Amino acid sequence: LDMQQFISEMPKAELHVHLEGTLEPELSFALATKNNIPLEYKTPEQLVAAYDFHDLPSFLKIYYAGMNVLINESDFYQLTWDYLVKAASENIVYAELFFDPQAHTSRGVSFETIITGIHKAQLDAEQKLGINSQLIMCFLRELSAESAMEHLKLAMPYLPWLVGVGLDSNERDNPPTKFAEVFAKARALDLKLTMHCDVNQLNTLNHIEQCLDEIQVDRIDHGVNALQDPVLLEKIKQKKLGLTVCPISNRFVVQSLTSAEIRQMLEHNILVTINSDDPAYFRAYLNENFIELQKEGQFSAQDIVTMVENSFKVAWLKDSEINQYL
Ligand code: ES4
Ligand code: ZN
């Protein structure tokens, strides 16, 4: 069995991908030219050469600089469309997409511009490419809870376009409880809840515990460190919570694909899923994440099938919709 072909051809779901993290250098240059935004580099190749991430802050700096080229509705449409074309080419049949509205409204882009561009691309991709997707609004955790609440209010006219809310960006000194009120309100609006608990961040076990006990999330993004605490692990198992792990993203931050940890999760019957996080920056989309992971961890075809099935099981779809994929 050719594992690379097996992985590539399998219908898959992606549950942890930041739309702004799918901005390819070529689109970045095209939008910079169109919008008259100066770039620090002369070519897309030079830009990629400057991608030297070694921890979360060093990544986030380049990530936020990159998205300054996104101004008009058509820019958000193009970003989303290009990702969905790429995803469909990798046999992704369903995707849940994160976006970071605060990173754009802070630059004077309106919430309506952002979400309308994204939504129109989702509709076109469903019609023309047959790829289904849903949108998750993320709050930037280094910003205030008040700002997060304002953005939840900005989203009120667009609630049917959102499936859930998330929490991302700089985890240090920004615990889940900082956003307890915002997430309680989101839950009351029938939105699903997830939060990043990135690998090896300060107080990560406390953050995972807060996600489980106080915020009552429906999923955890990353969450790999839960393996270090049997109590947390058991809760994740009991609640049947999905963990959206991103191997190649982890390699940039912790110099490991975390294949040993992923194997342990499978052994514990945790609903671990494989995802790409910021594929344009980490230079690897979903198939490449699976292929690299399989090579490093020597995972069997059955292990791969289990992880792909897990992503459909913990997707924020109705049971009837999930059953179409399984
Ligand atoms: C992110 Cl790798 C990572 N961690 C936290 N927040 C993020 N937003 C986009 N990528
Ligand atoms: Zn992420």
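Residues numbered from 1 in each chain as written. Chains lettered and ligands numbered in written order. Predicted model: local features only at pLDDT ≥ 70, side-chain atom pairs only at ≥ 80, totals over all residues.

If you check an unreviewed UniProt entry, the protein chain appears there as Adenine deaminase from Paraglaciecola polaris LMG 21857. In its Catalytic activity (unreviewed entry) section, the UniProt record describing the protein chain reads: "adenine + H2O + H(+) = hypoxanthine + NH4(+)". (UniProt positions renumbered as here; feature names shortened; annotations may be inferred.)

Asker: Before we move on, can you summarise the packing of helix α5 (residues 73-89) against helix α7 (residues 111-129) with the specific residues and values?
Answerer: Relative to each other, α5 and α7 sit at 35°, their axes nearing to 7 Å. In this structure, α5 meets α7 at a crossing whose hand is right-handed. For the pair α5 and α7, the contacting residues are E73, S74, D75, F76, Y77, T80, W81, L84, V85 and A88 in the first and T113, I114, T116, G117, I118, K120, A121, Q122, D124, A125 and L129 in the second. Residue composition of the contact of α5 with α7, grouped by class: eleven nonpolar, six polar and four charged. (Axes fitted to C-alpha atoms, helices over the stretch in contact; angles between N-to-C directions. Helix = DSSP H or I, 4+ residues; strand = E, 2+ residues; numbered from the N terminus. Left-handed = near helix turned anticlockwise from the far one by under 90°. Contact = placed C-beta atoms within 7 Å. Nonpolar A, V, L, I, M, F, W, Y, C, P; charged D, E, K, R; others polar.)

Asker: If you had to explain the UniProt feature "binding site: Zn(2+)" (unreviewed entry) in the protein chain to someone new, which residues and values would you point to?
Answerer: Per the UniProt entry, the sites bearing "binding site: Zn(2+)" (unreviewed entry) are H16, H18, H196 and D277 in this numbering. Spanning 262 residues, the named residues form one tight spatial group whose C-alpha atoms are at most 11.8 Å apart. The residue H16 is located in strand β1 (residues 12-18) in this model. Setting aside chain neighbours within four positions, we find H16 in contact with D221, T244, C246, N275 and D277. Note on placement: H196 falls in strand β5 (residues 192-197). Overall, H196 belongs to the buried group, with 26 C-beta atoms counted inside 10 Å. Aside from chain neighbours lying at most four places away, what touches H196 is L167, D168, E171, D221 and H222. (Buried ≥ 20, exposed ≤ 12 C-beta atoms within 10 Å, placed from the backbone.)

Asker: Tell me about the site of ligand 1, and name the residues and values.
Answerer: In the region of ligand 1, the neighbouring residues are H18, G21, L56, F59, Y63, D168, S169, H196, D198, S249, D277 and D278. Examining the composition of the shell around ligand 1, we find that three residues originate from one element, helix α4 (residues 56-66), more than from any other. Here the residues of the shell around ligand 1 are counted per class, giving three nonpolar, five polar and four charged. (Near = placed C-beta within 6 Å.)

Asker: Let's hear about the pairing of β1: which residues, and what values?
Answerer: Counting buried positions along β1 gives seven out of seven residues, so the element sits mostly inside the fold. The pairing of β1 with strand β2 (residues 92-99) spans five bridges and is parallel. Following the sheet pairing, A13 is matched in β2 by Y94. (Pairing = 2+ DSSP bridges.)

Asker: Hey, could you go over the UniProt feature "site: Important for catalytic activity" (unreviewed entry) in the protein chain for me, with residue numbers and the actual values?
Answerer: UniProt feature "site: Important for catalytic activity" (unreviewed entry): in the numbering of this structure it lies at H222. Within the secondary structure, H222 is located in strand β6 (residues 219-222).

Asker: Provide a residue-level description of the packing of helix α8 (residues 145-154) against helix α9 (residues 180-188), including the pertinent values.
Answerer: Two elements in contact, α8 and α9, have axes whose closest approach is 9 Å; the angle formed by their N-to-C orientations is 20°. On the basis of the axis angle, α8 is roughly parallel to α9. Of the two possible hands of crossing, α8 and α9 adopt the one that is left-handed. Along the contact surface, α8 presents A145, A148, M149 and L152, while α9 presents E181, V182, K185 and A186. Of the residues belonging to the contact of α8 with α9, the class tally is six nonpolar, no polar and two charged. (Parallel < 35°, antiparallel > 145°, perpendicular 65-115°, else oblique.)

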